[in-house]
Amino acid sequence: MDIPSILLAVVVFLAATATCVILFERLGFGAILGFIVAGIIIGPYTPGPVPVHAVEELQSVAELGVVLFLFTVGLEMRPEKVWAMRRLIFGLGSAQMLVTAALLAGYLIFFVHVPWETAIIVGLALAMSSTAIVMATLGERGELATEHGRTTFAVLMAQDLWIVPVMALIPILAHTTAQTGTTPFWEKMALVVGV
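Summarising the element assignment, Ser94 is placed in helix α6 (residues 86-110). Apart from the residues within four sequence positions on either side, Ser94 is in contact with Ile89, Ala158 and Trp162.

Along helix α8 (residues 131-141), the positions that sit buried rather than exposed are Thr131, Met135 and Leu138. One face of α8 carries all of its buried residues, which in axial projection span an arc of 65 degrees.

Attention now moves to the nonpolar core. Across soluble globular proteins, you tend to see nonpolar side chains buried next to one another. Listed in full, the 8 residues of the largest apolar core are Met85, Ile89, Met135, Phe153, Ala154, Leu156, Met157 and Ala158. Take this core: its biggest share by element is 5 residues, from helix α9 (residues 147-173). Discounting residues that sit within four places of it in the chain, Ala158 has contacts with Ile89, Gly93 and Ser94. If you look at the next biggest cluster of nonpolar residues, it comprises 7 residues, including Met97, Ala101, Leu124 and Leu169.

To continue, consider the packing of aromatic side chains. One pass over the full model with this rule turns up 2 aromatic pairs. Here Phe24 and Phe29 contribute two aromatic rings whose centre-to-centre distance is 6.1 Å and whose plane-to-plane angle is 50 degrees, an arrangement assigned as tilted. The exposure class assigned to Phe29 is exposed, which follows from its relative accessible area of 54%.

Residues Leu23, Leu27, Phe29, Leu33, Ile36, Ile40 and Ile133 make up a contiguous nonpolar surface patch of about 640 Å² in total accessible area. Of all the elements, helix α2 (residues 31-42) adds the most residues to the nonpolar patch, at 3 residues. Looking at the element boundaries, Phe29 is found in the loop between α1 (3-26) and α2.

Two elements in contact, helix α7 (residues 116-126) and α9, have axes whose closest approach is 10 Å; the angle formed by their N-to-C orientations is 165 degrees. What the angle tells us is that α7 and α9 run roughly antiparallel. Crossing geometry of α7 relative to α9 is assigned as left-handed. Counting all contacts with α7, which are made through Trp116, Glu117, Ile120, Ile121 and Leu124, the residues of α9 involved are Val166, Leu169, Ile170 and Leu173. A breakdown of the residues in the contact of α7 with α9 according to their chemical character gives 8 nonpolar, no polar and 1 charged.

The rules behind the values
- Residues numbered from 1 in each chain as written.
- Predicted model: local features only at pLDDT ≥ 70, side-chain atom pairs only at ≥ 80, totals over all residues.
- Heavy atoms only, no water.
- Helix = DSSP H or I, 4+ residues; strand = E, 2+ residues; numbered from the N terminus.
- Contact = heavy atoms within 4.5 Å.
- Buried < 20%, exposed > 50% of the residue type's maximum accessible area, 1.4 Å probe, protein only.
- Arc of directions from axis to C-beta.
- Core = buried A, V, L, I, M, F, W, Y, C linked by side-chain atoms within 4.5 Å.
- Phe/Tyr/Trp six-rings, centres within 6.5 Å; stacked < 30°, edge-to-face > 60°.
- Patch = residues over 30% accessible without salt bridge, like charges linked within 9 Å, V, L, I, M, F, W, Y side chains within 5 Å.
- Areas by Shrake-Rupley, 256 points an atom, 1.4 Å probe, with all protein chains shown as cover.
- Salt bridge = Lys/Arg side-chain N within 4 Å of Asp/Glu carboxyl O.
- Axes fitted to C-alpha atoms, helices over the stretch in contact; angles between N-to-C directions.
- Parallel < 35°, antiparallel > 145°, perpendicular 65-115°, else oblique.
- Left-handed = near helix turned anticlockwise from the far one by under 90°.
- Nonpolar A, V, L, I, M, F, W, Y, C, P; charged D, E, K, R; others polar.

Laid out in structure tokens, this is it:
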């Protein structure tokens, strides 16, 4: 992709984003919904002014934006703040993950007749929410310092910490009978617990 095409894509991205954010803030929905709608409008699967290959080439810019956002979230996470909220993070946050995942997995097993391995993975995945969207919304409203803002932050932090065991659990639950000669199930579980 040549420089003029990249510049055109960046200008279209910025214009669509600015327009959607201003519109949605004036309507009272917040900037986050504006960003999501702008992404849908200029995304690779919707017809728009930017060719699909431009989106793929600008993927690294989007990834840089995610890294910068995670850095911003990391600034909120001071060790003493996390230690003070340990009961909320490991108690309430973990309870939210486990109860929500169990309810969703139970529904999928008993009513949709999905295999239990798939139900557990889907339940754990749907028990998580977007830290980016929730933190930005709380920051927009100035509610990060309130009691419900701190509680929400703790639950989001627990969900982020649960990503590691969930990602380690996926290959174990996706284990098929054709792979029985490799590593026993108990060794894999011991490795997950160790990690």
